[in-house]
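Coordinates in review
Chain residues, written in single-letter form:
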Amino acid sequence: MIKSILKDSFVYGILNAFNKFFMLLIFFLFVKYFSKENIAILDMLIVFTSIVCIFISMQLESSFARFYFNEKEDNKHFDHMKTIVYMMGLFGLFYLIPIYFVFDMFFTEYSIDSFVYLFSMMFVIGFLFNITNLANLHFRYSYEKKNFIVASLLFPMSYLIILGIYILVNDSMSILMIFLAQIIGYLIALSFQYKIIGKEFLSATFQSKNLKDILKYSLPMFPMFFLIFANDKAIIYILKEFIPIESLADFSIATKYLALLSLFFFALRMALDPKINHFISFPSEKGKDDYKKYINIYIIISIVLFLAFIFIVPVVQNIFFSEYTNSYKWSTILILSFILLNLSSYMTPGFSIMKRMDKKLVIVLFQVILNFVGFYLVLKNGFDVVVGLNYLVIVNFLFMLIQHYYSNKLYYVSNEYLKSTSVFLFMFIIVNKDFII
C-alpha cells in the first residue's frame, strides 16, 4: 500500500512540479513587469478570481468524488458529471450580479482599466476552471494517468507561451492580457478533454432524482474548502485595511512560498484521495487499518516538508525576493494553518461515511466566523500580523480536534488527536521560537 501511495505521489508530484514551475515562471514575469504596488493589486485580482471559482463550484466536485465509485458501478458517472456541470452553470448565473457588486466595492479605488471586461473574464475563467477540473477528476479516479497528465499540463504551458508571445511583441505586460491568456489556456485544455470524453458526456442525462444527495453532500463542504483557501489567500482583503499596499505585496510573496510547498501536499493528496474515497464509499474494518496508515503517512510527510521549507525558503527569498522582508516569517505561520486544515479533512471521515455533512457544516461555520471576525479584531486592536496569523493557527487546531471528536462519534475510525497535537506543538514552537525563547 505504502509503495503504491509513494509511486502515485511521485507521478503526480512530478506533474504538479512542472505545473507549479510554469506558474512560477509566469509570476517572475509579473515581478519583472509590475511595481510592488501593482503586484499586490494583481494578486488581489487573482485571489478574487479564485473566489469566483469557488462560488461557481460550490464544492460540487467533492460530490463527484464522493459518489464516483458508487455511480461507476451502475455506469452512471457521466450522468453524475453532466448534472454537476449544469448545476455549476446555474450557481454561476445566481452569483453573477452580487459578486459584481463585491468586485466593484473592492477594486473601484484602484482605477483599473477595462473594469467590466476584466470582471467578465474572471467569471469565464471560473466556469472553465471548474469544468476542466471536473474532467481531470474523472481521469484521476478512473486511473487514466496519461490523460490526466496531458490535460493538467496543457493549461500552464499554453498560458506561459501566450504571455511570452505577448511580451515579445509588446515588451510590456497587461493585466487584461493576463486574464485573457488564462481563458485561452483553459479552452486548449478543455478541447483535449472533450476529445477524450466528449461523446460520453454529450450522451449522458441529467440526474434530477440524485440532485438532493449531490447538494446535501457538497454544499456543507463549501465553507470548509473556502476556509482552507481563505486562510492563506483571501485574508489579504482584511490585511489591506491595516497595512500599506507595499506590505500586501510581501503577503502575496508569502502565499507563493506556500504554493511551492503545496505542490508536494498536492501530490500526496492525488495519491491518497481515490483510496480514501473508496473507503468512504465502502467502509470496512480492514479499511479502518488502512485509513490510520493514511493519516500517519500524511503526518510524517508533513513534518519532513515543514522542516525542508524552513531551511530552503530563506535561501529563495535572499536570492529572488530580498525586498519582500516579511514574506518568509508570514509564510511559516501560513503553512501551519495549511497543514492543520488539510489534516482535519483526513481525520474526519465519519461525516462523509454517515452522510452527516450537516453536522460538519455547523462546526465549520463557527470556525469560519471565529477565523475572520477574530483575525479582524486582533489587527484592529493593534496587534502585529504575526499575532493575527498565529491566532488563525490556534483556532484551526482547536476546531480540528472538535471535528475529529464528532466524526468518531458518528463512525469511529481512528483516534489520532494525541499524535497530531504533538506534531502541532513541535511546529508551533519552531515557528514562534523568537517569541518563546
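Below or above, wherever it landed, is the structure these notes cover. Position labels on residues start from 1 in each chain and follow its written sequence. Local features in this predicted model are restricted to residues of pLDDT 70 or higher, and side-chain atom pairs are both shown and tallied only at a pLDDT of 80 or more, whereas totals for entire chains, interfaces and linings draw on every residue. Working from all heavy atoms in the structure, the side-chain values ignore hydrogens and water.

**Brief notes about the overall build of the chain**
Stated precisely, the cut-off is as follows: Runs of E in the DSSP output that reach at least two residues are strands. Runs of H or I that reach at least four are helices, and both are numbered from the N terminus. Here's how the labels work: a residue is buried when its accessible area is under 20% of the maximum for its type, exposed when over 50%, partly exposed in between, all with a 1.4 Å probe on protein chains only. Pairs of residues are marked as contacts when any of their non-hydrogen atoms sit within 4.5 Å. Accessibility throughout is a Shrake-Rupley quantity obtained with a 1.4 Å probe, and a residue counts as covered only by protein chains that appear here.
When helices and strands are tallied, the chain shows 18 helices and 0 strands. For the chain, the residues scored as buried account for 57% of the 437 residues in total. Contacts spanning at least 24 positions in sequence make up 83% of the contacts within the chain whose residues lie at least 6 apart. Total accessible area on the chain stands at roughly 19,200 Å², and carbon and sulfur atoms take up 68% of it.

**A few points about helix α5 (residues 115–141)**
To keep it simple, the criterion reads: Each residue after the first adds 1.5 Å to the expected span of a helix.
Counted at 1.5 Å a residue, the expected span for α5 with its 27 residues is 39 Å, and the 39 Å between its end C-alpha atoms agrees. α5 sits mainly inside the fold: 20 of its 27 residues count as buried.

**Looking at the pattern of salt bridges**
Cut-off, in case you're wondering: One speaks of a salt bridge when a side-chain nitrogen belonging to Lys or Arg is within 4 Å of a carboxyl oxygen belonging to Asp or Glu.
One pass over the structure, following the stated rule, counts 2 salt bridges. The residue Asp-43 makes a salt bridge to Lys-256 at a minimum N-O spacing of 2.7 Å. With Asp-43 in helix α2 (residues 36–57) and Lys-256 in helix α11 (residues 245–281), this pair connects stretches of sequence that are 213 residues apart. Accessibility expressed as a relative area gives 6% for Asp-43, which makes it buried. Look at Lys-256 and you get partly exposed, because its relative accessible area is 23%. The shortest N-O distance in the salt bridge between Lys-240 and Glu-241 comes to 3.4 Å. Given the relative accessible area of 16%, Lys-240 is considered buried. For Glu-241, a relative accessible area of 53% translates into the label exposed.

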